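Breakdown of the fold
Chain residues, written in single-letter form:
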Amino acid sequence: MATPVSVLRLPRGPDPNSRGFDPKSPRFIALCRTSIPTSAESETDPEQLQKEQHARSVLRETFLRCLLSMTNKKVQFNMYEKVKVEATFGASDIDVLNFQVSDLHTPIGVQKEALIRSHDVISFTYDV
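A short tour of the structure in this document, coming up. (Residues numbered from 1 in each chain as written. Predicted model: local features only at pLDDT ≥ 70, side-chain atom pairs only at ≥ 80, totals over all residues. Heavy atoms only, no water.)

1. Considering the nonpolar core
Phe-77, Phe-89, Phe-99, Val-101, Leu-104 and Ile-116 are the most contacted members of the largest nonpolar core, which totals 16 residues. Going through the elements one at a time, helix H3 (46-70), strand E1 (74-79), strand E2 (83-92), strand E3 (98-106), strand E4 (109-117) and strand E5 (121-126) are the ones with two or more residues in this core. When sequence neighbours within four positions are dropped, the list of residues in contact with Val-101 reads Phe-77, Ala-87, Thr-88, Phe-89, Gly-90, Lys-112, Glu-113, Ala-114 and Ile-116. (Core = buried A, V, L, I, M, F, W, Y, C linked by side-chain atoms within 4.5 Å. Buried < 20%, exposed > 50% of the residue type's maximum accessible area, 1.4 Å probe, protein only. Helix = DSSP H or I, 4+ residues; strand = E, 2+ residues; numbered from the N terminus. Contact = heavy atoms within 4.5 Å.)

2. Overview of unusual backbone geometry
For Asn-72, which is not glycine, the phi torsion reads 65 degrees and is therefore positive. The phi dihedral of Glu-81 falls on the positive side, at around 65 degrees, and the residue is not glycine. The residue Glu-81 is located in the loop between E1 and E2 in this model.

If you want it as structure tokens, here you go:
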């Protein structure tokens, strides 16, 4: 039988909206970059820049379609320290920094509702 796990409430973040780190802090900038810099070659060649942007848009669309198809399905997350958890995928925030899941099965028990930070996830799998 699954054992319920109590929820640990963390203190409020430093910003007024309590969403975590200050976006201007070095830690936030290091961990939560909003974009990947372009290659040195594309900075001088407009055609190369256009190819890179197209490739990124295709990859982004594919990833977002993947997230959409995961909704309400059992997903296995492989995380750091060789931790494997399973949950029912719910949604992702707009920046894909967090995944909302239900019935999170962890090595120490089950959490009815949870947020998984995407930076803690190495990979995920699910049945199509």
